[in-house]
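Listed below are the residues making up each chain.
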2 protein chains.
Amino acid sequence: MATPLEKARKDPNSMKAKILKVARRMFGEYGYHGTTTRMIAKEVGIDISTLYYHWGEKTDLYESVILDINNDLRQKLDEVEKVIHGQPLARRLGIAIDMVTDYLFECPEISNLVLFQYFGKTRKESNLDFHVPDFISDIARSMDLCKTKESIPTSASMRVLAMMNSIHNFISGENFFREMLKLKREEYIEHVKETLEFILIPAFNGGSQGQTDINQTDIRR
Amino acid sequence: MATPLEKARKDPNSMKAKILKVARRMFGEYGYHGTTTRMIAKEVGIDISTLYYHWGEKTDLYESVILDINNDLRQKLDEVEKVIHGQPLARRLGIAIDMVTDYLFECPEISNLVLFQYFGKTRKESNLDFHVPDFISDIARSMDLCKTKESIPTSASMRVLAMMNSIHNFISGENFFREMLKLKREEYIEHVKETLEFILIPAFNGGSQGQTDINQTDIRR
DNA sequence: ATATAATTCCATCAAATGATGGAAACACAT
DNA sequence: ATGTGTTTCCATCATTTGATGGAATTATAT
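Residues numbered from 1 in each chain as written. Chains lettered and ligands numbered in written order. Predicted model: local features only at pLDDT ≥ 70, side-chain atom pairs only at ≥ 80, totals over all residues. Heavy atoms only, no water.

## Notes on the protein's contact with DNA strand C
Moving on, step 1. Taken together, 17 residues sit near DNA strand C, with Ser 49, His 54 and Arg 123 of chain A together with Tyr 52 and Lys 58 of chain B positioned nearest.
Moving on, step 2. In DNA strand C, atoms within 4 Å of the protein come 54% from sugar and phosphate.
Moving on, step 3. Thr 50 of chain A places a polar side-chain atom, nitrogen or oxygen, 2.9 Å from a phosphate oxygen of DNA strand C.
Moving on, step 4. One of the side-chain N or O atoms of Arg 38 of chain B is found 2.8 Å from a base nitrogen in DNA strand C.
Moving on, step 5. At the level of secondary structure, the elements contributing two or more residues to the surface near DNA strand C comprise helix H4 (48–55) of chain A together with helix H3 (37–44) and helix H4 (48–55) of chain B.
Moving on, step 6. In terms of residues, the surface near DNA strand C owes the most to one element, H4 of chain A, which gives four residues. (Near = heavy atom within 4 Å. Polar contact = N/O pair within 3.5 Å; in protein donor to acceptor, adjacent residues only side chain to side chain. Helix = DSSP H or I, 4+ residues; strand = E, 2+ residues; numbered from the N terminus.)

## A short note on the pattern of salt bridges
Moving on, step 1. Tallied over the full model, the rule gives 30 salt bridges over all chains.
Moving on, step 2. For Asp 72 of chain B, the salt bridge goes to Arg 24 of chain B, with nearest N and O atoms at 2.8 Å. Residue Asp 72 of chain B is located in helix H5 (residues 58–84), and its partner Arg 24 of chain B is located in helix H2 (residues 15–34); the two are separated by 48 residues in the primary sequence.
Moving on, step 3. Overall, Arg 24 of chain B belongs to the buried group, its relative accessible area being 7%.
Moving on, step 4. The salt bridge partner of Asp 78 of chain B is Arg 74 of chain B, with a shortest N-O separation of 3.4 Å. With a gap of four residues between them, Asp 78 of chain B and Arg 74 of chain B both fall in helix H5, about one helical turn apart.
Moving on, step 5. The exposure class of Asp 78 of chain B is partly exposed, given its relative accessible area of 31%.
Moving on, step 6. For Arg 74 of chain B, a relative accessible area of 24% translates into the label partly exposed.
Moving on, step 7. Residues joined in a network through salt bridges with shared partners are Arg 9, Arg 24, Asp 68, Asp 72 and Glu 109 of chain A. (Salt bridge = Lys/Arg side-chain N within 4 Å of Asp/Glu carboxyl O. Buried < 20%, exposed > 50% of the residue type's maximum accessible area, 1.4 Å probe, protein only.)

## Re the interface of chain A and chain B
Moving on, step 1. With 72 residues of chain A in contact, the opposing surface of chain B contributes 72 residues.
Moving on, step 2. At the boundary of chain A with chain B, the tally comes to four salt bridges.
Moving on, step 3. Two residues, Glu 29 of chain B and Lys 121 of chain A, come together in a salt bridge whose shortest N-O distance is 2.9 Å.
Moving on, step 4. For the pair chain A and chain B, the number of links is six residue pairs in polar contact (both at pLDDT 80 or more).
Moving on, step 5. Listing elements by their share of the side of chain A that touches chain B, those giving two or more residues are helix H2 (15–34), helix H6 (89–106), helix H7 (108–119), helix H9 (154–172), helix H10 (174–181), helix H11 (185–204) and helix H12 (216–220) of chain A. (Contact = heavy atoms within 4.5 Å.)

## Overview of the relation of the copies chain A and chain B
Moving on, step 1. Note on the identical chains: chain A maps onto chain B by a rotation of 180 degrees and an axial translation of 0.0 Å, with an RMSD of 0.0 Å. These values place the two chain copies in the arrangement generated by a two-fold rotation axis.
Moving on, step 2. With an isologous cut-off of 70% or more, the 100% of interface residues of chain A that recur at the interface of chain B puts this contact in the isologous class. (Least-squares fit on C-alpha atoms with pLDDT ≥ 70 in both.)

## Describing the protein's contact with DNA strand D
Moving on, step 1. In the vicinity of DNA strand D, 17 residues are found, and the nearest of them are Arg 38, Tyr 52 and Lys 58 of chain A together with His 54 and Arg 123 of chain B.
Moving on, step 2. Within 4 Å of the protein, the contacting atoms of DNA strand D are 53% sugar and phosphate, with bases supplying the remainder.
Moving on, step 3. Between DNA strand D and Lys 58 of chain A there is a distance of 2.6 Å, counted from a phosphate oxygen to a side-chain nitrogen or oxygen.
Moving on, step 4. A distance of 2.9 Å separates a phosphate oxygen of DNA strand D from a polar backbone atom of Asp 47 of chain B.

## Observations concerning empty space enclosed by the protein
Moving on, step 1. Going through the model one piece at a time under the given rule, you end up with three cavities of 30 Å³ or more.
Moving on, step 2. Leu 115, Phe 116 and Phe 119 of chain A together with Leu 115, Phe 116, Phe 119 and Gly 120 of chain B are the residues that line the largest cavity.
Moving on, step 3. Of all the secondary structure elements, the ones that give two or more residues to the lining of the largest cavity are H7 of chain A together with helix H7 (108–119) of chain B.
Moving on, step 4. Partitioning the lining of the largest cavity into residue classes produces six nonpolar, one polar and no charged.
Moving on, step 5. Together, Leu 73, Val 114, Tyr 118, Phe 135, Ile 136, Val 160, Leu 161, Met 164 and His 168 of chain A line the second largest cavity.
Moving on, step 6. For the lining of the second largest cavity, the secondary-structure elements that each account for two or more residues are H7, helix H8 (134–142) and H9 of chain A.
Moving on, step 7. For the lining of the second largest cavity, the class distribution of residues is eight nonpolar, one polar and no charged. (1 Å grid on protein atoms, 1.4 Å probe; cavity = no way out; pocket = protein on both sides within 12 Å on 5 of 7 lines; lining within 4 Å. Points joined across faces, edges and corners; volume = space filled by probe spheres on them. Nonpolar A, V, L, I, M, F, W, Y, C, P; charged D, E, K, R; others polar.)

As structure tokens, then:
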């Protein structure tokens, strides 16, 4: 109950929670430098100083936003893991894509912020942790990419990153891609799921079957 | 020979070209709002007003940067297409991944800016075109996803986007991912190629072979 | 009802930022 | 050398932006 973030999470009707919610969306849309404290305050309908009263500096608010969405995503992935546990791999993947995609389309700011974290720089470097997120190892294990949660091969981490990013890309890029392809929201979502299944399932579900006669070096040279 | 961009491309030693080069990198790293005209000018080693003299408003410079990287990327993809033409599909993919990845690791600002275009918003909306880039249809045809360049199925466009974005992700995310996985640059690049092959080749190279007994609805339900 | 603490807003600051006018410096043809 | 057009920099503006002090308001406990 110490930090503002914990207070916000405890009472979703509190002003802290309202601000956090708006801040998530705004930072997600415009990035750190693209979002001003005034934009957030205006959107919430409060004075800018009220925002500072609750969250302190802009960097602190941003940091809380990052912690918050990481927490939400983690929770969702745990939930998914419980549902797919014990199923055969292809089915696990299919369900996971379905659930995660639906969830992220409801909270697109999560994908936005995750990608900003990965690809963007801030003028003043932040001191947020750079360590391999827990959920990456969890997913890796869930995808049969490794046995124990402790020793994850690098290639397994890379594959999980590729998978997660593919999903985030389509969520974050909805505005751009959907306009480009002239699709309605529902159509787009359906196409996203179809595409993700097309790309991901063969790879993780024994994709080598289709090309056993071609070795790696041969492919590139 | 009319626009500043054309002048800059004509003479790579001109001040316009120098500024453009730095602007590409900076906008790529920090995004539109994260980059100030002063940052660019300082990095070039000129006064800020010299920058304005050559490129006008910040938005104009940014627009030129976007046009420039799209042009470069397009050119590279044409080059790749010529090399892989006529090869069997798996090999085409392998070579394309290899070449494109190498190129983008040399010009990571291209990936950065492409992703910013897709995922980020600017406070004032830009008037840059939203149409399906030509190269998407070219790639689609090259991957046997459609017959003619004119009628591209939506799913084909989606698959091409998924493929391109997967590559961009690893380029743009190098700082974050490489630090996270404690890899040297060369190791990282090699892992990226391996991962991209792992993910992409099975899907486009008849990935259905491994799961012909599982129909779509079955996978998700 | 009154005292105390928590919350909100108004006014304001200092620094950062986009942008420009005009003087100096430079290039170069005649 | 002189004149012309180009390029560069210095000084300066108006806005925007992050941030804060302090008064006013509201909630809460006694």
